[in-house]
Structures are given as C-alpha cells and as structure tokens.
Amino acid sequence: MQAYSAESQEILVDVSSEAPHVYHMRLNRPNRRNAITFELWGEMKTVVERLEHEPNCRVIVVSGNGDSFCSGIDLQDGLSNVITTMSNGELDVGRRGIALGRFLQVAQDGFNAIAKCQKPVIAAVHNHCIGVGAELIMACDIRIASQDANFSIKEVDVGLAPDVGALSRMQKIVGNDSWVREMCFTCRNFNAEEALRYGFISRIYPTAKETLDAATQLAKVISEKSPIAVQGTKVNLNYSRDHSDADGQLFVKAWNMGMLQSEDLVESAKAYMAKRKP
Ligand code: ACO
C-alpha cells in the first residue's frame, strides 16, 4: 500500500501484486455506493497528480469498492450543499453564481486531473455507474465493464446540465450524436450491451472480479511498453482529438523531436532490439 490514499480513506491506492507498475485507485465509500462529494473530487485531483509524478507508476486502474462502481454525486453531502448555497437568501444572485462556479470547478478539476494525466487511466466498471460516475469514466482512456453494469447520464433529472465532462466528452467518445442527446435528455438507464454497441465502453466481462482482473492485465501489457512512448501517445491522441489534422501532426512532430533528447527513448529502442522489457 502506498501513502497516496486520501486521509479520509475514501480513495484507496495500491500497487498491483502481479504488475508492479500498475496502480489501482479505488473509490471507497461502499456504504453510499461510492457517491462522490466535493471533498472526494478534491482528493481525486491530489491522488491523480501524485500518481502522475510517481516514477514507478505507469498505468492507473480506477474501480469502485463494494456493490457499485459509483452512484453519482452524493445526494446528502454534495448536491444538498449546492441546493443550500443556491437557496441562501443572504447571498445575492452574483455571489450565488460565484459559489456555484467554485463547486463546479472543484468537480471539473477532479476529473480533468484524470483526463490530463499523461499516464493511461483504465476504468473498470461494475453495477451502477450513474450521473457523475458516468462522467468520471468519460475522463478515462479506456472503459471496460461487467455484464451487470448499468449507466445513466442522470444530471437533467436532478436539475443540472451534465457539467463535469459529459457534454464536452461524450460526443467525441461515442460519435453518435443522436444517441448521446437521447441519453442526456432522457436520463434513461442503458446496460453494458448498449454501452458496447455505441462505443461508450470497449469490452464486457461476466463479473466484477473478471472485469477488474482484465483491467489489471490490460494495464500490465501497457505498463511493459516504453513509458515515454505510451505517455507521448496519450498526449498526442488528446491533442489531435481537439485540433485539426494539420495541428495534430505539427504537435506530434514537436513531441517526437523533444523525445529524441530523452534517454528513455534510447533505452526503449535498445530494449526492443534486445527483446527485453524497457
Ligand atoms: N448519494 C448519497 N447516498 C447514496 C447515493 C447517492 N448518490 N446512492 C446510494 N446512496 C446510499 C443510500 O442512501 C443507502 O444509504 P443507507 O444504507 O444509509 O440507507 C446506501 O447508499 C445504499 O443505497 P440503496 O439505495 O439502499 O442501494 P440499492 O442497491 O437499492 O440502489 C442505487 C442503488 C440505484 C444506486 C440507488 O441508491 C440510487 O438510485 N441512488 C441515487 C442515484 C442518483 O440519483 N445519483 C445522482 C445522479 S445525478 C449526478 O450525479 C449529478
């Protein structure tokens, strides 16, 4: 066990025993189905940024302890704070707006830390993946799920626009704008098969355990490749997704020219030639 866990123990971090460069980040509020509070969003940012700077960590797997992956925003200790702040008659409209903006920033920063982390992040989903839980996995690089996984983009039902990543990420992930809009407007549940059919996830496994094992194996395969090449690939995929082809190619050229000065590149090439792991 590493010293990265939040003090509250609501996010646990451990290193995979069979894959020494694979770090597990586990949501750990099982008695609330891993509902997310603003404190947890803040802790997530801290934990992910620490893992990004941990040299031994090459790939991160995100999962949820207990019966569900994540039941969305914590209705008692998250959404209720927003409601209390927004109904505070002592604050004028402008100050309420600023307070709401602060809440949203903390939430966005928590998931953006995952999206921006140069190391690949794999989401292993089981059972409920609701609201901001679904937005959490949209910040990850790879999403896999168990047969019992069920998803919903639930925000409209609680009076919010999905503002922690879904509206900026889901169309790019799925590519079927009509289906994305249907899910966001109706908030209806969709199961693992439907998620797979539309490209929201990439694989289904029979059970939660098999999903987590598969995520660990996938992470292990990636962790045995050149770290700098993998991280460069993530940074460039993200950049190219958000820019034109021409800009993407200029960016990757500049990245590779920078990489040429890295000893890691030489080590990776030597390892490949010698048929050993870098
Ligand atoms: N926030 C706070 N507590 C929660 C949440 C949540 N999002 N989800 C579950 N819990 C708590 C329950 O209150 C319950 O607590 P208790 O044991 O003290 O009564 C415990 O977790 C277990 O929940 P159950 O409802 O008993 O479990 P069940 O398996 O029957 O149902 C389910 C799970 C479907 C996730 C259900 O709890 C639920 O619908 N939760 C709310 C989901 C939701 O609307 N989230 C907000 C989405 S919008 C957004 O994220 C912006």
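In this report, the structure presented in the accompanying data block is examined. (Residues numbered from 1 in each chain as written. Predicted model: local features only at pLDDT ≥ 70, side-chain atom pairs only at ≥ 80, totals over all residues. Heavy atoms only, no water.)

1. Describing the overall build of the protein chain
Within the protein chain one finds 11 helices and 9 strands. Relative to its length of 278 residues, the protein chain is compact, with a C-alpha radius of gyration of 19 Å against a globular reference of 19 Å. With respect to the three principal axes, the spread of C-alpha positions in the protein chain is 65 × 40 × 40 Å. The 278 residues of the protein chain split such that 46% are buried. Here the analysis covers contacts within the protein chain between residues at least 6 apart in sequence; of these, 67% occur between residues at least 24 apart. If you sum the accessible surface of the protein chain, you get close to 13800 Å²; carbon and sulfur atoms cover 54% of it. Here the protein chain contributes 30 positive and 34 negative side-chain charges, whose respective centroids are spaced 5 Å apart. (Helix = DSSP H or I, 4+ residues; strand = E, 2+ residues; numbered from the N terminus. Rg over C-alpha atoms; globule rule 2.2 N^0.38 Å. Buried < 20%, exposed > 50% of the residue type's maximum accessible area, 1.4 Å probe, protein only. Contact = heavy atoms within 4.5 Å. Areas by Shrake-Rupley, 256 points an atom, 1.4 Å probe, with all protein chains shown as cover. Lys, Arg positive; Asp, Glu negative; His and termini not counted. Charge placed at Lys NZ, Arg CZ, Asp CG, Glu CD.)

2. Notes on the packing of helix H9 (residues 227–242) against helix H10 (residues 245–259)
Each packed pair of helices is defined by two parameters, the angle between the axes and the distance between the axes. Interaxial distance between H9 and H10 falls to 9 Å at its minimum, and their mutual angle equals 160°. One finds that H9 runs roughly antiparallel with respect to H10. With respect to the hand of their crossing, H9 and H10 are arranged in right-handed fashion. Note on element contacts: H10 touches H9 through Asp247, Gly248, Phe251, Val252, Trp255 and Met259, opposite Ile228, Ala229, Gln231, Gly232, Val235, Asn236, Tyr239 and Ser240. Among the residues making up the contact of H9 with H10, the classes are represented as 8 nonpolar, 5 polar and 1 charged. (Axes fitted to C-alpha atoms, helices over the stretch in contact; angles between N-to-C directions. Parallel < 35°, antiparallel > 145°, perpendicular 65-115°, else oblique. Left-handed = near helix turned anticlockwise from the far one by under 90°. Nonpolar A, V, L, I, M, F, W, Y, C, P; charged D, E, K, R; others polar.)

3. What to know about the packing of helix H5 (residues 166–174) against helix H6 (residues 177–186)
Two numbers describe how H5 lies on H6: the axes approach to 9 Å, and their chain directions differ by 140°. What the angle tells us is that H5 and H6 run oblique. At the point where H5 passes H6, the crossing takes the right-handed sense. In this structure, H5 contributes Leu167, Met170, Gln171 and Val174 to the contact, and H6 contributes Asp177, Trp179, Val180, Arg181, Met183 and Cys184. Looking at the contact of H5 with H6 residue by residue, the classes come out as 7 nonpolar, 1 polar and 2 charged.

4. Concerning the sheet that holds strand S8 (residues 190–191)
Strand pairing in a sheet takes place through backbone hydrogen bonds and is either antiparallel or parallel in direction. Ordered in space as S5-S7-S8, the 3 strands form an open sheet in which the pairing is mixed. At either end of the open sheet lies a strand with only one pairing partner, and these are strand S5 (128–130) and S8. Across 2 bridges, the pairing between strand S7 (residues 150–152) and S8 is antiparallel. When the sheet's bridge partners are listed, phenylalanine 151 is paired in S8 with phenylalanine 190. (Pairing = 2+ DSSP bridges.)

5. Some thoughts on the site of the ligand
Lining the immediate surroundings of the ligand are 17 residues, of which Asn31, Ser71, Ile73, Leu75 and Val132 lie closest. Take leucine 75: an N or O atom from its main chain is 2.9 Å from a nitrogen atom of the ligand. Here glutamine 76 contributes a side-chain N or O atom positioned 3.5 Å from a nitrogen atom of the ligand. Taken by itself the ligand offers 930 Å² of open surface, and the protein chains cover 60% of this. At the level of secondary structure, the elements contributing two or more residues to the shell around the ligand comprise helix H2 (75–86) and S5. When the residues that make up the shell around the ligand are grouped by side-chain class, the tally is 6 nonpolar, 6 polar and 5 charged. (Near = heavy atom within 4 Å. Polar contact = N/O pair within 3.5 Å; in protein donor to acceptor, adjacent residues only side chain to side chain.)

6. Considering the state of the cysteines
For the structure shown, the criterion picks out 0 disulfides. The thiol sulfur of cysteine 129 is not disulfide-bonded, and the nearest other cysteine sulfur, from cysteine 70, lies at 6.8 Å. Taking relative accessible area as the criterion, cysteine 129 reaches 0% and is therefore assigned buried. Between cysteine 184, a free cysteine, and cysteine 187, which holds the nearest cysteine sulfur, the sulfur-to-sulfur gap is 8.1 Å. (Disulfide = S-S within 2.5 Å.)

7. Let's talk about the sheet that holds strand S6 (residues 142–146)
Taking strand neighbours across the sheet as the criterion, the 6 strands line up as S1-S2-S3-S4-S6-S9 in an open arrangement whose pairing is mixed. Edge positions in the open sheet fall to strand S1 (11–15) and strand S9 (203–205), since each of these has one partner strand only. Each strand of the sheet is rotated relative to its neighbour by a mean of 25°, with strand direction disregarded. Summarising the sheet, strand S2 (residues 22–27) and strand S3 (residues 59–64) pair through 6 bridges and their orientation is parallel. Bridging across to S3, arginine 26 finds its partner in serine 63.

8. What to know about H2
Taken together, the buried positions of H2 are Gly78, Leu79, Val82 and Thr85. Buried residues of H2, viewed axially, fall in a sector of 125°; they line one side. Away from the buried face of H2 by more than 90 degrees, exposed residues Leu75, Ile83 and Thr84 are located. Considering only its buried residues, H2 is in contact with helix H1 (38–52) and helix H3 (93–116). (Arc of directions from axis to C-beta.)

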